[in-house]
Amino acid sequence: RIEKQFPKSDTRVPTLIRLGEAANKPETAAQAAQWLSQAAELASDNALKARAFAELGHALALSGKTEESAAAFAKSAELTGGATDAGRQASLSAARVLAASGRDEEALKRLDTLLSGEASASDSTLRKARLMRARLLAKTGKFEAAAADYAQYVGKDFETQADGEG
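Residues numbered from 1 in each chain as written. Predicted model: local features only at pLDDT ≥ 70, side-chain atom pairs only at ≥ 80, totals over all residues. Heavy atoms only, no water.

Student: In this structure, what is going on with the overall build of the chain? I would like to understand it.
Tutor: When helices and strands are tallied, the chain shows 10 helices and 0 strands. Along the chain, helices and strands appear, N-terminal first, in the series α-α-α-α-α-α-α-α-α-α. A separation threshold of at least 6 residues defines the contact pool for the chain, and within that pool the share at least 24 residues apart is 43%. Accessible surface, the chain as shown: approximately 9400 Å² in total, 50% of it carbon and sulfur. (Helix = DSSP H or I, 4+ residues; strand = E, 2+ residues; numbered from the N terminus. Contact = heavy atoms within 4.5 Å. Areas by Shrake-Rupley, 256 points an atom, 1.4 Å probe, with all protein chains shown as cover.)

Structure (C-alpha cells):
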C-alpha cells in the first residue's frame, strides 16, 4: 500500500524498515518480514539495504525460517563489507541462527571468517564471536582449539594470573 500511495517517496524505504522493526516480534514476524523484504528490494542505498536485511534476518529467525534468516544476515554483512560494526553484528547473528538450528560446522565457518578480519580485540562483537566460537569448538569436541579461543577471550591478564605471575 505504501508503494502505491508514495511510489517515488524518499521516505518509503525508511518507513518500511521502521514498520518492520516495530512489528519484529513473534506474533507479527511474518508481517515484519514482508515489510523488510520490500525495503531490502527497494533500497538503492547500501546502508539502508544492509539494515533492512539485518532486520529481515531477525524477523525470519522469529518465524523459524533458519536458512532464510542466515541468508539475510549474510547479505547484510556482505553489503557492509563485514568491516563495520553492523556488518560484524550481522555475521555474528548469522552464526547464532546456524548454531541454534544445530548447524555447528556452518556456524564455525562463519565465525572463522568474521574473526579472520579482526579489527580490534576489544570490539564487543568480536569478543562475543570469540566466545561463541570457543563454545562451539568445545561442543564439537575440538578442545585444544576451544581452550586457545577461551584464553584469547579472557585475555593476557588472566594468563598471567594463572601462571602465578600476576
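Once you've had a look at it, read on.
Student: I tried to follow the pattern of salt bridges on my own but got confused; where do I start?
Tutor: Two side chains with opposite charge may pair up if their charged atoms get near one another. Going through the model one piece at a time under the given rule, you end up with 9 salt bridges. Salt-bridge contacts for arginine 103 lead to glutamate 106; the nearest nitrogen and oxygen are separated by 2.7 Å. The class for arginine 103 is buried, based on a relative accessible area of 19%. Under the relative-accessibility criterion, glutamate 106 is labelled partly exposed at 37%. In this structure, glutamate 105 engages lysine 142 in a salt bridge whose closest nitrogen and oxygen atoms are separated by 3.0 Å. A residue pair is termed long-range when its members are at least 10 positions apart, and glutamate 105 in helix α7 (residues 104-116) and lysine 142 in the loop between α8 (124-139) and α9 (143-154) qualify at 37 residues. The structure contains a network of salt bridges with shared partners spanning Asp112, Arg130, Arg133 and Asp149. (Salt bridge = Lys/Arg side-chain N within 4 Å of Asp/Glu carboxyl O. Buried < 20%, exposed > 50% of the residue type's maximum accessible area, 1.4 Å probe, protein only.)

Student: I keep staring at the confidence of the model for the chain and nothing clicks. Help me out?
Tutor: Predicted coordinates in regions of low pLDDT should not be interpreted in detail. In this model, the chain carries an average pLDDT of 86, and 84% of its residues clear a pLDDT of 70 or more. Of all helices and strands in the chain, the one with the weakest mean pLDDT is helix α10 (residues 156-162) (50), whereas helix α3 (residues 29-42) scores best (95). (pLDDT = per-residue confidence, 0-100.)

Student: Just checking my understanding: could you explain the nonpolar core for this structure?
Tutor: Buried together is how nonpolar side chains tend to be arranged in soluble globular proteins. Core analysis: the largest hydrophobic core is formed by 19 residues, its most contacted members being Leu92, Ala107, Leu111, Ala129, Met132 and Leu136. Mapped by element, the contributors of at least two residues to this core are α5 (66-80), α6 (85-100), α7 and α8. Top contributing element to this core by residue count: α6, with 6 residues. (Core = buried A, V, L, I, M, F, W, Y, C linked by side-chain atoms within 4.5 Å.)

Student: Please explain the environment of alanine 138 as it appears in this structure.
Tutor: Mapped onto the fold, alanine 138 is located in helix α8. Separated by 12 residues in sequence, alanine 138 and tyrosine 150 have C-alpha atoms that sit 9.9 Å apart. Excluding its chain neighbours within four sequence positions, the residues that come into contact with alanine 138 are Phe143 and Ala146.

Student: Is there a simple way to think about the side chain of arginine 103 in this case?
Tutor: Relative to the helices and strands, arginine 103 resides in the loop between α6 and α7. Among the polar contacts made by the side chain of arginine 103, one reaches the side chain of glutamate 67 at a distance of 2.7 Å. In contact with arginine 103, not counting residues within four places along its chain, are Thr66, Glu67 and Leu98. (Polar contact = N/O pair within 3.5 Å; in protein donor to acceptor, adjacent residues only side chain to side chain.)

Student: Got a minute to help me understand α8 in this structure?
Tutor: The periodicity of an α-helix, 3.6 residues per turn, causes residues three or four positions apart to be oriented the same way. With 16 residues, α8 should reach 22 Å at 1.5 Å per residue; the first-to-last C-alpha distance of 22 Å fits that figure. Turning to α8, its buried residues are Thr125, Leu126, Ala129, Arg130, Leu131, Met132, Arg133, Ala134, Leu136 and Leu137. Elements that come into contact with the buried residues of α8 comprise α6, α7 and α9. Looking at the residues trailing α8, positive phi occurs at glycine 141, about 85°. (Expected span 1.5 Å × (residues − 1).)

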